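Chain by chain, the residues run as shown.
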Amino acid sequence: MPQADSDGVALFYEETGGGESLVLVHGSWNDHNSWTLAIEADLRASCRVITYDRRGHGRSGDAPGQGTRRQDEDDLAAVIEQVASGHAHVAGNSFGASIVLGLAARRPELFRSILVHEPPLVGIVGDDAEALAGLQQMLTATDAVLDHLRKNEDEPGARLFVEEIALGCGMWDQMPDGMRQTFVRHAQTWLDEQQDPCWAELDLGGLAARTTPLLLSSGTESPAWFRTVLDRIASAVPRAQWNVFTGAGHIPHVTHPQDYATALTRFIRDS
């Protein structure tokens, strides 16, 4: 089983295709398998695609005690250095996008380009009363999900997260059974993420100082609060490019894999 090592934590990874390295960082509640459809759609024909399970997810190990996003960032650095020869295009979705941006602000030399979809970095809009008002429904739902998970009510918590925060009403029942099981299996990892006091923050100044090509993306069907966060990032990094996935939501690599793969390969080609 191929593994990278990050401070004693074994990180499971897979690779396929050929050409320039593209590392994919999955979001919360999930593992590396979430990228399968996009890889099969087009990505592996254009890049050497590297996926891995973040610590505590899938077949990767974990360390005892409270985890931090900084650890996730260091894990990503280890994958880039040990598997991608120290320099790669890197794409992340949701919390995976937060990890990508956090590492890019600290260690830009690891990145050839950065591609992120809807990072939940609500901390960067904490000084904006109007933005916070728009986030209130999501913050209330987050508290309700956390309450379920603290009681080990993982399936109700996962359902509430999907329908009230990430994907929308009715989406839990539309998900394949295997995907629902994956969400439930990783529910406690999301609780751990939320207990990190710095999970929603980002060094915007550090990110803005970098010259690495950056693609921000959103879906037309996603909750509006994701766009609020992306707008703040775009205002700090005005050279960033945008892509909007029409008809898609928070996980376009799953629901619209061909559109997602096409957008990534085009941006990588032009970077």
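Predicted, not measured: the structure shown is a model, and the values here were computed from it. (Residues numbered from 1 in each chain as written. Predicted model: local features only at pLDDT ≥ 70, side-chain atom pairs only at ≥ 80, totals over all residues. Heavy atoms only, no water.)

A. Region of interest: the pairing of strand 2 (residues 9–17). Here four bridges tie strand 1 (residues 3–6) to strand 2, and the two strands are oriented antiparallel to one another. Looking at strand 2, one finds that Q3 is bridged to F12. Between strand 1 and strand 2, which follow one another and run antiparallel, lie two residues, and D7 among them has a positive phi close to 55 degrees. Two elements, strand 2 and strand 4 (residues 48–52), share five bridges in a ladder whose sense is antiparallel. From the neighbouring strand, T16 faces strand 4, where its bridge partner is V49. (Pairing = 2+ DSSP bridges. Helix = DSSP H or I, 4+ residues; strand = E, 2+ residues; numbered from the N terminus.)

B. Up close: the environment of S98. Position of S98 relative to the elements: it lies in helix 3 (residues 95–106). On the basis of relative accessibility, which here comes to 0%, the residue S98 falls in the buried class. Taking the C-alpha atoms as reference points, S98 and Q195, 97 residues apart in sequence, are found 15 Å from one another. (Buried < 20%, exposed > 50% of the residue type's maximum accessible area, 1.4 Å probe, protein only.)

C. Focus on the nonpolar core. The biggest cluster of nonpolar side chains holds 69 residues, and the ones touching the most others in it are V23 and L76. Of all hydrophobic cores here, the second largest spans 19 residues; its members include C47, V49, A263 and F267. (Core = buried A, V, L, I, M, F, W, Y, C linked by side-chain atoms within 4.5 Å.)

D. Main features of the environment of G86. For G86, the position within the fold is in the loop between helix 2 (69–83) and strand 5 (88–93). In the structure, G86 is positioned 24 residues away from L110 in sequence and 5.8 Å away in space, judged by C-alpha atoms. When neighbours within four sequence positions are excluded, G86 is seen to be in contact with I80, E81, E109 and L110. (Contact = heavy atoms within 4.5 Å.)

E. View of the sheet that holds strand 2. Spatially, eight strands are ordered 1-2-4-3-5-6-7-8 in an open sheet, and the strand pairing comes out mixed. The sheet is open, and its two edges are formed by strand 1 and strand 8 (241–245), each paired on a single side. The mean inter-strand angle of the sheet, taken between neighbouring strand axes irrespective of direction, is 25 degrees. Where strand 5 meets strand 6 (residues 111–117), six bridges bridge the pair, whose relative direction is parallel. In the strand pairing of strand 6, A88 is matched with F111. Contacting strand 2, strand 3 (21–25) and strand 4, helix 1 (residues 36–46) crosses the sheet at an angle of about 135 degrees to strand 4. Helix 10 (residues 224–236) contacts strand 7 (214–219) and strand 8 of the sheet and is inclined by roughly 160 degrees relative to strand 7. (Axes fitted to C-alpha atoms, helices over the stretch in contact; angles between N-to-C directions.)

F. Structural context of the pattern of salt bridges. Applying the stated criterion across every chain yields a total of 18 salt bridges. Notably, a salt bridge pairs D127 with R232, separated by 3.1 Å at the nearest N-O pair. Within this pair, whereas D127 is found in the loop between strand 6 and helix 4 (129–150), its partner R232 is found in helix 10, the two being separated by 105 residues in sequence. Beyond isolated ion pairs, a larger network of salt bridges with shared partners links R69, E73, D74 and R106. (Salt bridge = Lys/Arg side-chain N within 4 Å of Asp/Glu carboxyl O.)

G. Representation of unusual backbone geometry in the model. A positive phi is found at D7, a non-glycine position, where the angle reads about 55 degrees. Take D7: it is sitting in the loop between strand 1 and strand 2. Given the relative accessible area of 78%, D7 is considered exposed.

H. Spotlight on the side chain of S28. As for its position among the elements, S28 is in the loop between strand 3 and helix 1. Here S28 falls in the buried class, since its relative accessible area comes to 11%. Among the polar contacts listed, one links the side chain of S28 to the side chain of E193, at a separation of 2.6 Å. The residues touching S28, leaving out its near neighbours within four places in the chain, are R54, F95, W190 and E193. (Polar contact = N/O pair within 3.5 Å; in protein donor to acceptor, adjacent residues only side chain to side chain.)

I. Structural context of the packing of aromatic side chains. What the rule picks out here adds up to seven aromatic pairs. The cationic tip of R59 hangs over the ring face of F12; the distance from NZ or CZ to the ring centre is 3.9 Å. (Phe/Tyr/Trp six-rings, centres within 6.5 Å; stacked < 30°, edge-to-face > 60°. Lys NZ or Arg CZ within 6 Å of the ring centre and 35° of its normal.)

J. Spatial organisation of the packing of helix 2 against helix 3. For the pair helix 2 and helix 3, the least separation of the axes is 9 Å and the interaxial angle reads 75 degrees. With respect to each other, helix 2 and helix 3 are oriented roughly perpendicular. Judged by residue contacts, R69, R70, D72, E73, D74, L76, A77 and I80 of helix 2 engage F95, S98, I99, V100, G102, L103 and R106 from helix 3. Looking at side-chain class alone, the contact of helix 2 with helix 3 contains seven nonpolar, two polar and six charged residues. (Parallel < 35°, antiparallel > 145°, perpendicular 65-115°, else oblique. Nonpolar A, V, L, I, M, F, W, Y, C, P; charged D, E, K, R; others polar.)

K. Molecular detail of the pairing of strand 3. Most of strand 3 sits inside the fold, with five of its five residues counted as buried. Of the two faces of strand 3, the one holding S21, V23 and V25 and the one holding L22 and L24 are both buried throughout. Between the parallel elements strand 3 and strand 4, the chain passes through helix 1 in a crossover that is right-handed. Direction of pairing for strand 3 relative to strand 5: parallel, over a ladder of four bridges. Residue pairing across strands places V25 opposite G92, the latter belonging to strand 5. (Right-handed = clockwise from strand over helix to strand, strands pointing away.)

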